[in-house]
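# Topology and contacts: notes
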Amino acid sequence: MKKYLAVLTVLALLPILTDAQANRWKRTRYELVGGLGVSTFVGDLGGGNKPEGKHFLSDYDFMSQRFVLNGGLRYKLLNSVAVQGVLSYAMLAGNDNKTENIYRQDRNLSFRTNLWELSTHLEYSIIPEPLNYRRNRRGHFSLRSLLQINTYVFAGVSVFYFNPKGKDDTGEGATNKWVALQPLGTEGQGLVDGRKKYSRVQVAIPFGMGFKYAINRKMSVGLEFGPRYTFTDYIDDVSTTYVDNEWLREKRGDVAARLADKSIKTNPENPDSDPVPNVNYGGGDQRGEAKFNDFYMFTTVHITYKLTTGRNGLPKF
């Protein structure tokens, strides 16, 4: 009789025990995240070596990679679902001299920009974090627990600020300084009908995949890859066609004219001579590819630290 009562008691308590085990993640549902990695720009400037410039992986330029630094807070809605807010600071760059694409080499443009991004995204864990981190006899975490690598995908929305700059290093009077390009209207923005000045605050769609490896109960190390689809083609200040350079000089000054057209060619009478300014580009000639928007990518190594949740449901710092 006592055996039956014991079995019935266990069966009655099983849902409670199971629920307590399943909800263990709630004790550490807040996580601080910090990351460091590389940023990659894919747009009109620089890029791969194919003449058509596909604005995708074939246009990936390792030479133009720069840095990204970010930090944020992750909040678990469920053990396999989380929402994260992240602030990122990065640099993006592109340079036509870094590609073997002869058309882009002749165009000879370059840019760089600091970028601030505030993003929020939803994560879904394909392989959730283990709820139990078992210790072996020596007190260390078991290999079985540590090899359960949290694998997740994410997507969300972000707002970012950029300010493309070009180096004034070509032509008579060049100052060799980096100059903000948006106020100059290098493609006639703000001067030509239908070409408004672009905003330096834009919206993007971040998405990607990440991995987290538990070092202990509190800390994890991970790797995350996240492209950003944007709704602008002007991160590098290049999108459509040239405007007449002398007309632009009259409207916006010498600096605007120098930075709008830095194209080069070889003197046909002396092919071995140094390149000279290309005087053949005029208003309406192709400068960029407007049918593709720019995008950028972050690849980061990050550290995650779990915060204990108090009785009030808020994290304990």
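One can find the structure itself at the top, above this paragraph.
Everything in this summary refers to the structure shown in the same document. (Residues numbered from 1 in each chain as written. Predicted model: local features only at pLDDT ≥ 70, side-chain atom pairs only at ≥ 80, totals over all residues. Heavy atoms only, no water.)

## Here's the deal with the packing of aromatic side chains
Evaluated as defined, the whole model comprises eleven aromatic pairs. On the basis of an interplanar angle of 55° and a centroid distance of 5.0 Å, the ring pair of Tyr 30 and Tyr 75 is categorised as tilted. In this pair, Tyr 30 is assigned in strand E1 (residues 30-42) and Tyr 75 in strand E2 (residues 66-78), connecting sequence segments 45 residues apart. The exposure class of Tyr 30 is buried, given its relative accessible area of 12%. Measuring from centroid to centroid gives 4.9 Å for Phe 41 and Phe 111, while their planes differ by 65°, and the two rings are edge-to-face. Highlighted residues: Phe 41 in strand E1 and Phe 111 in strand E4 (residues 110-127), separated in sequence by 70 residues. Residue Phe 41 shares its accessibility class with Phe 111, and that shared class is buried. The residue whose ring lies beneath Arg 112 is Trp 178, and the NZ or CZ to ring-centre distance is 4.1 Å. Stacked on the ring of Tyr 242, the Lys or Arg Arg 287 has its end atom at 5.8 Å from the ring centre. (Phe/Tyr/Trp six-rings, centres within 6.5 Å; stacked < 30°, edge-to-face > 60°. Helix = DSSP H or I, 4+ residues; strand = E, 2+ residues; numbered from the N terminus. Buried < 20%, exposed > 50% of the residue type's maximum accessible area, 1.4 Å probe, protein only. Lys NZ or Arg CZ within 6 Å of the ring centre and 35° of its normal.)

## A closer look at unusual backbone geometry
Positioned with a positive phi, Asn 176 is a non-glycine residue whose angle comes to about 65°. Following the sequence through the fold, Asn 176 ends up in the loop between strand E6 (165-167) and strand E7 (178-180). Positive phi, normally seen in glycine, also occurs at Asp 237, with a value near 70°. Secondary-structure assignment places Asp 237 in the loop between strand E9 (219-230) and helix H4 (245-252).

## Details of a positive patch on the surface
A cluster of basic residues, Arg 66, Lys 98, Arg 112 and Lys 165, forms a positive patch at the surface. With respect to the element layout, Arg 112 can be found in strand E4. Its relative accessible area of 33% is what places Arg 112 among the partly exposed residues. (Patch = residues over 30% accessible without salt bridge, like charges linked within 9 Å, V, L, I, M, F, W, Y side chains within 5 Å. Areas by Shrake-Rupley, 256 points an atom, 1.4 Å probe, with all protein chains shown as cover. Salt bridge = Lys/Arg side-chain N within 4 Å of Asp/Glu carboxyl O. Lys, Arg positive; Asp, Glu negative; His and termini not counted. Charge placed at Lys NZ, Arg CZ, Asp CG, Glu CD.)

## A word on the pattern of salt bridges
Should their charged atoms come close, side chains of opposite charge can pair. For the structure on display, the rule yields 14 salt bridges. The salt bridge partner of Glu 117 is Arg 228, with a shortest N-O separation of 3.0 Å. Of this pair, Glu 117 sits in strand E4 while Arg 228 sits in strand E9; the two residues are 111 residues apart in sequence, bridging distant segments of the chain. Just as Glu 117 is buried, Arg 228 falls in that class too. The salt bridge partner of Arg 287 is Glu 187, with a shortest N-O separation of 2.9 Å. Remark: Glu 187 occurs in the loop between E7 and strand E8 (201-214) and Arg 287 occurs in the loop between strand E11 (276-277) and strand E12 (295-309); sequence separation between them is 100 residues. Connected through shared salt-bridge partners, Glu 31, Arg 74, Lys 76, Glu 123, Glu 129, Lys 212 and Lys 306 make up one network.

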